[in-house]
Every structure is written in C-alpha cells, then in structure tokens.
Amino acid sequence: MKAALTGGSPAHVPQHTSRPAMPMLHSLPHDQSDDEKIAAIRHHFAKIMEALGLDLGDASLRDTPQRVAKMFVKEVFSGLDQRNFPAITTFPNTHGYGEMLVERNISLHTFCEHHFLPIIGKVHVAYFPGDRIVGLSKLNRIVKHYARRPQVQERLTVQIAEGMQEVLGTTDVAVYIEADHLCVAARGVEDTKSSTVTSFFGGRFKDPVERKDFLEAVQ
Ligand SMILES: [Zn+2]
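In this report, we go over the structure that sits alongside the text.

**Considering the overall build of the protein chain**
Thought 1: In terms of helices and strands, the protein chain carries six helices and seven strands.
Thought 2: For the protein chain, the sequential pattern of α-helices and β-strands runs α-α-β-β-β-β-α-β-α-β-α-β-α.
Thought 3: Here the protein chain holds 219 residues, and the buried ones make up 27% of them.
Thought 4: Here the contacts in the protein chain between residues at least 6 apart in sequence split such that 71% fall between residues at least 24 apart.

**A few points about the pairing of strand E2 (residues 101–112)**
Regular strands place side chains that alternate from one sheet face to the opposite one.
Thought 1: Relative to strand E3 (residues 118–127), E2 runs antiparallel, the two sharing nine bridges. Bridging across to E3, Val 102 finds its partner in Ala 126.
Thought 2: In sequence, E2 turns back onto E3 through a hairpin of five residues, with Phe 116 there showing a positive phi of about 55°.
Thought 3: Note: E2 against strand E5 (residues 150–151), two bridges, orientation parallel. Along E5, the bridge assignment pairs Cys 112 with Gln 151.

**Some words on the nonpolar core**
In globular proteins that are soluble, nonpolar side chains generally tend to be buried together.
Thought 1: Ranked by size, the top nonpolar core spans 31 residues in total, and within it Val 123, Val 125, Val 143, Ile 160, Met 164, Ala 174 and Val 175 carry the most contacts.
Thought 2: For this core, the elements supplying multiple residues, two or more each, are E2, E3, helix H3 (136–147), helix H4 (153–168), strand E6 (173–181) and strand E7 (196–201).
Thought 3: Setting aside chain neighbours within four positions, we find Val 123 in contact with Ile 106, Leu 108, Val 143, Ile 160, Val 175 and Ile 177.

**Here we look at the environment of Asp 191**
Thought 1: Within the secondary structure layout, Asp 191 lies in the loop between helix H5 (182–185) and E7.
Thought 2: We classify Asp 191 as exposed; it has 12 C-beta atoms within 10 Å.
Thought 3: Along the sequence, Asp 191 and Asp 180 sit eleven residues apart, while their C-alpha atoms lie 9.9 Å from each other.
Thought 4: With sequence-adjacent residues up to four places away left out, Asp 191 is seen in contact with Val 184 and Ala 185.

**So, the packing of H3 against H4**
Thought 1: In the contact formed by H3 and H4, the axes pass within 9 Å of each other and the chain directions differ by 140°. Considering the angle they form, H3 stands oblique to H4. Relative to H4, the crossing made by H3 is right-handed. In this structure, H3 contributes Leu 139, Ile 142, Val 143, Tyr 146 and Ala 147 to the contact, and H4 contributes Leu 156, Gln 159, Ile 160, Gly 163, Met 164 and Val 167.

Conventions used here
Residues numbered from 1 in each chain as written. Predicted model: local features only at pLDDT ≥ 70, side-chain atom pairs only at ≥ 80, totals over all residues. Helix = DSSP H or I, 4+ residues; strand = E, 2+ residues; numbered from the N terminus. Buried ≥ 20, exposed ≤ 12 C-beta atoms within 10 Å, placed from the backbone. Contact = placed C-beta atoms within 7 Å. Pairing = 2+ DSSP bridges. Core = buried A, V, L, I, M, F, W, Y, C linked by C-beta atoms within 7 Å. Axes fitted to C-alpha atoms, helices over the stretch in contact; angles between N-to-C directions. Parallel < 35°, antiparallel > 145°, perpendicular 65-115°, else oblique. Left-handed = near helix turned anticlockwise from the far one by under 90°.

Set out below in structure tokens:
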C-alpha cells in the first residue's frame, strides 16, 4: 500500500486496521473516550494494588491508580490510538538528493507486552528519497508513535518500517533496533548484559551492498 502524497499534503495516517500484527486491538472498544479508559484503568489498578496488600489510604499511594491510568492512556500507550499518529507533511525533493539518508540513535522507550516492563534502546532508520522528503524530526515521531504501545521488538521494527514506507511513498526503508528488555534483566534469568537486535530491510536495502552501507553507518 503506497501513500498518495501531494504537495503540502496534511496529516497522512497509515491504516493498520487489517494487520494481524495488532490482534489485541480487535477486542477493544474503539469508541471509548480517553476519560472512559482512564476511569476503567484507575478502578482496576486500584484492585491490583489492593490485591498486593498496599494501603490505598496512604497519602503517597492514594493517587497512584489515577496517575498510572492517565500515564497509560495519555503517554506511554497513546500509540494504541491510531488517531494519535503524528501529522506528517512531505516536501518536494527539490535538490534531487538520491543517496541514502540515515538517522541514527533515536531514543527508544517502549514496554514489553508480556510483562509490561520497559524496553530501552536505540533505533536507526534510513531511506532513499524519491520525489518527496520529510522533516527529520518526523522520523523520530513515527518511532515514538509505535513505541507507545505494549510491544514485542519484532513487531515494533516492522511497524516503524511500514509506517515510514507509507509516509515516504517508497519501499526503500531500513530499520535497526538494539534494545535492553527489563523483563530479561530485572526478573526471570536476570541477565543484565544481553541486548536484542532486530532489523528490517525493504526495497533497495535488500541489496547486500546497500545493506552493508547502512549497517556501517549505524555501528
Ligand atoms: Zn517481557
């Protein structure tokens, strides 16, 4: 699916509704307002705290259910609402720049969907511009949007790549993620040394030469 991009076009929102990558969304009522979601999460998070034996009458804990609920809906999981996809305008590639554009070391903060613990790392992205280019900060915003969901690193990698492909109107996109999973470091095997690398190579990046150039640029 290619984006139909025109001069100064306003927000372009990739439609991922048919993707099997997000089965969890299908069971959620999409018409719930943020306030309704926050109220529901506040209620259930208070139950979790009670089950753990925490005293919700304590001044320090009293507002935690509301704080967590608001943080989930408005911040760390706001990317579950595709309406929050960033507004992205593309510009004509007037200089005819045709080489690889690499943006390195985009900060990654997301949450593993199996344990709801943080995944922290770096994302490197690249593309070959066609007729249109995009403001660089928009690449960060695409990464941030998909990171603001409970994730597995494999799916996050593909979603960032497909989001870029759609916005940029090209398949020539590469994504490389190196991240530490706190569910591996802080519990379970408690391995604090290991990190996880995932990558996506689309279009021209399937060529071993372009792929090598990209990997050399980001390492
Ligand atoms: Zn996990």
